[in-house]
Amino acid sequence: YRPIVPNQVVIQLKRLIPRVKPSLVHFTDNALSPALLNTLSRELLDVPWYGFIRVTRHLADLDFCKALKRSGCVMLQIGLESGSQEVLDGFCKGMDLNIAQKALENLKNAGIAIYAYLLFGTPWETEADAIKTLEFTVRNSEIITFLNLAIFNLPAYGPRTDVLNASPLDSG
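The structure displayed is predicted, hence computed values, not measured ones.

Participant: Provide a residue-level description of the overall build of the chain, including the pertinent values.
Facilitator: Regarding its fold elements, the chain presents 6 helices and 5 strands. Listed N to C, the secondary structure of the chain is α-β-α-β-α-β-α-α-β-α-β in terms of helices and strands. Overall size of the chain, expressed as C-alpha extent along the three principal axes, is 55 × 35 × 25 Å. Put simply, the chain has 172 residues, and 41% of those count as buried. A fraction of 72% describes how many contacts in the chain between residues 6 or more apart in sequence connect residues 24 or more apart. Carbon and sulfur atoms make up 55% of the accessible area of the chain, which totals about 10,500 Å².

Participant: Mind laying out helix α3 (residues 62-71), listing which residues take part and the relevant values?
Facilitator: Taken together, the buried positions of α3 are Phe 64, Cys 65, Ala 67, Leu 68 and Ser 71. Angular distribution of buried residues about the axis of α3 spans 155°; they occupy a single face of the element. Looking at α3, the residues exposed on the side facing more than 90 degrees away from the buried face are Asp 63 and Arg 70. Check the buried side of α3 and you find it contacts α2 (34-41), β2 (49-53), β3 (73-81) and α5 (97-110). Sitting at the amino-terminal end of α3 is Asp 61, which places a side-chain oxygen 3.0 Å from the backbone nitrogen of Asp 63.

Participant: How would you sum up the packing of helix α1 (residues 6-20) against α2? Please name residues and give values.
Facilitator: Each packed pair of helices is defined by two parameters, the angle between the axes and the distance between the axes. Viewed as axis vectors pointing N to C, α1 and α2 meet at an angle of 50°, and their least axial separation amounts to 8 Å. Here α2 runs oblique to α1, going by the angle between their axes. Crossing hand, α1 versus α2: right-handed. Here Pro 6, Asn 7, Val 9, Val 10 and Leu 13 of α1 come into contact with α2, specifically with Ala 35, Leu 36, Thr 39 and Leu 40. Residues of the contact of α1 with α2, tallied by class, amount to 7 nonpolar, 2 polar and no charged.

About the cut-offs
- Here, residues in each chain are numbered from 1, in the same order as that chain's written sequence.
- The model is predicted, so local features are restricted to residues of pLDDT at least 70 and side-chain atom pairs to those at 80 or more, both for listing and for counting; the totals for chains, interfaces and linings are taken over all residues.
- Each side-chain value is worked out from all heavy atoms of the structure, with water and hydrogens disregarded.
- Counting from the N terminus, the helices are DSSP H or I runs at least four residues long and the strands are E runs at least two residues long.
- Categorising residues by exposure relies on relative accessible area from a 1.4 Å probe, with only protein chains included: less than 20% of the type maximum marks a residue as buried, more than 50% marks it as exposed, and the intermediate range marks it as partly exposed.
- In this description, contact between two residues means that some pair of their heavy atoms is separated by no more than 4.5 Å.
- Shrake-Rupley sampling with a 1.4 Å probe provides the accessible areas, and residues are treated as covered by the protein chains on show and by no other component.
- Each direction from the helix axis to a C-beta atom contributes to the arc, which is the arc of those directions.
- Counting of polar contacts relies on pairs of N or O atoms within 3.5 Å, with two restrictions inside protein: one atom must be capable of donating a hydrogen and the other of accepting it, and residues adjacent in sequence are counted only when both atoms are side-chain atoms.
- Axis lines are fitted to C-alpha atoms, over the contacting stretch for helices. Their N-to-C directions set the angle, which ranges from 0 to 180 degrees.
- Any angle that falls under 35 degrees is termed roughly parallel, while one over 145 is termed roughly antiparallel, one within 65 to 115 roughly perpendicular, and all others oblique.
- Note on convention: the crossing is left-handed when the near helix lies turned anticlockwise from the far helix by less than a right angle, right-handed when the turn is clockwise.
- Each residue gets one of three labels, nonpolar for Ala, Val, Leu, Ile, Met, Phe, Trp, Tyr, Cys and Pro, charged for Asp, Glu, Lys and Arg, and polar for the others, Gly among them.

Given below as structure tokens:
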């Protein structure tokens, strides 16, 4: 792994886009850095783009989200994971649900589609937490464009399983 400086990413894109003529650019990094998003927000790419991001405070700024849209951003993929702050804190997600809510609203208002990932069944999730996630999703049903739902899957004898209070699913 070798990170590329955000300005260099833009330089490479501006060289490649006219030559390759893509109809869409997908950044496949697991999370575009805030520095890269800031750089992209100041550029006008000649092609729509999307990618994975983490919810950070700058997305709570509507003007920033509008700048992303002007740069060509058409969708952002966001690992929300849960609608319960307790679950997010349990696996050290580093995300404030209030900021996530504001970010979702701003992205929607800026015209950027949202592909949200939710993860159920983590060791920190109770039934009440799962219900909070469902309620969060319902409240945001007009905002979230796409949902990707997953069940937490941990190998039965993988590393660190000994520290979790986990049991196999009832097969009956």
